[in-house]
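Residue-level structural notes
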Amino acid sequence: MKKSTLDLRGAIVDKAVALAERSNWEAVRLFDIAAELDISLDDIRAFFREKEDLIDAWFDRADSHMLQTAETLEFLSLPPRERLHLLIMAWLDALAEHRHVTRQMIGAKLEPGHLHIQIPAIMRISRTVQWLREAAHRDATFVRRALEETALTAIYLATFTYWMRDASENSQRTRDFLTQALRRAESLDHRVYGSRSQEAPAAATAESTAAPEFSTAMNPSAQVEPITAKMHAKSG
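Note that the structure is a prediction, hence the values are computed from the model and not measured. (Residues numbered from 1 in each chain as written. Predicted model: local features only at pLDDT ≥ 70, side-chain atom pairs only at ≥ 80, totals over all residues. Heavy atoms only, no water.)

1. Some points on the packing of helix α4 (residues 52-69) against helix α5 (residues 80-93)
Close contact between α4 and α5 brings their axes to 8 Å; oriented N to C, the two are set at 145°. The crossing of α4 and α5 is right-handed. Counting all contacts with α4, which are made through Phe 59, Ala 62, Asp 63, His 65, Met 66 and Thr 69, the residues of α5 involved are Leu 86, Leu 87, Ala 90 and Trp 91. Grouping the amino acids of the contact of α4 with α5 by side-chain chemistry returns 7 nonpolar, 2 polar and 1 charged. (Axes fitted to C-alpha atoms, helices over the stretch in contact; angles between N-to-C directions. Helix = DSSP H or I, 4+ residues; strand = E, 2+ residues; numbered from the N terminus. Left-handed = near helix turned anticlockwise from the far one by under 90°. Contact = heavy atoms within 4.5 Å. Nonpolar A, V, L, I, M, F, W, Y, C, P; charged D, E, K, R; others polar.)

Dropping the structure here:
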């Protein structure tokens, strides 16, 4: 019996990740996925134009998990900073079972010469941050909104980068890192706007120099470069 459209799309993503766990993401091929699922390449093409689209689908799952986390009665009773912390960690927790493969996916996107992949990736980051703001019920406007988006993007990327190398139980070190980053951002926002009503993480990047660990994590390439180097070494 043929799988439903939604089930088949999910099964393709699951199989791609499973194959990557056996070897690595670079070695995953669409024809292998088709053979494992007993479907055709054209069946895969109906959902994914190319292999890179599987990565977007993988991160779409994290977006969905993050938004579902906000659909509880207790969520809006949380302070704004705690909402953001819960949402970002929910996004990461959705990927945690396959952290190593996720890291390889990012490494593939950062390989030199892949501008056709990297430019859409920037837009994907922006979409996730926009959904994060919506889920957290952020309602800043104009300049404050722009500063908040910039700060949240920096915090999200820094935390994601930190998480990729975090081997602590339940990603506790990442949770602590994110707590500190959001606290610094909130403090700066209070100093700039003199109000606790929004508690937005505006212009948090200005605080990064005060925390060496945060500053290091703000540079994803510093941690991802060894990933791509290792992948090239294997392929060689």
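Structure shown, so let's carry the discussion forward.
2. Looking at the confidence of the model for the protein chain
Interpreting fine coordinate detail is not advised for predicted regions of low pLDDT. Mean pLDDT over the protein chain works out to 87, with 81% of the residues at or above the 70 mark. Confidence over residues 202-236 falls short of pLDDT 50; this stretch has 58 contacts with residues more than four positions distant or in other chains. (pLDDT = per-residue confidence, 0-100.)

3. Structural notes on the packing of aromatic side chains
All chains considered together, the criterion is met by 8 aromatic pairs. Consider the rings of Trp 91 and Tyr 156, whose centres lie 5.2 Å apart with planes at 80°: the pair is edge-to-face. Of this pair, Trp 91 sits in helix α5 while Tyr 156 sits in helix α8 (residues 142-164), and the two are 65 residues apart along the sequence. Relative accessible area serves as the criterion here: at 2%, Trp 91 is assigned to the buried category. Ring centres 5.9 Å apart and planes at 35° place the aromatic pair Phe 160 and Trp 163 in the tilted group. Linking Phe 160 with Trp 163, this pair stays in helix α8, spanning 3 residues, or about one helical turn. In terms of burial, Phe 160 and Trp 163 fall into one category: buried. Across the ring face of Tyr 193, the terminal group of Arg 144 is positioned such that the distance to the ring centre comes to 4.2 Å. (Phe/Tyr/Trp six-rings, centres within 6.5 Å; stacked < 30°, edge-to-face > 60°. Buried < 20%, exposed > 50% of the residue type's maximum accessible area, 1.4 Å probe, protein only. Lys NZ or Arg CZ within 6 Å of the ring centre and 35° of its normal.)

4. Considerations on the packing of α4 against helix α7 (residues 115-135)
Geometry of a packed helix pair, given as the angle between the helix axes and the separation of the axes. Where α4 contacts α7, the axes come no closer than 10 Å and their chain directions differ by 10°. With respect to α7, the element α4 is oriented roughly parallel. Contacts from Glu 52, Asp 56, Phe 59, Asp 60, Asp 63, Met 66 and Leu 67 in α4 reach Ile 117, Arg 124, Thr 128, Trp 131, Leu 132 and Ala 135 in α7. Across the contact of α4 with α7, the residue classes tally to 7 nonpolar, 1 polar and 5 charged. (Parallel < 35°, antiparallel > 145°, perpendicular 65-115°, else oblique.)

5. Focus on unusual backbone geometry
For residues that are not glycine, phi is negative in most cases, and the peptide bond is trans in most cases. The residue His 137 is not glycine, and still its phi comes out positive at about 60°. As for its position among the elements, His 137 is in the loop between α7 and α8. Residue His 137 is classed as partly exposed on the basis of its relative accessible area, which comes to 47%. Even without a glycine there, the phi angle at Phe 142 is positive, about 55°. In this fold, Phe 142 is placed in helix α8.

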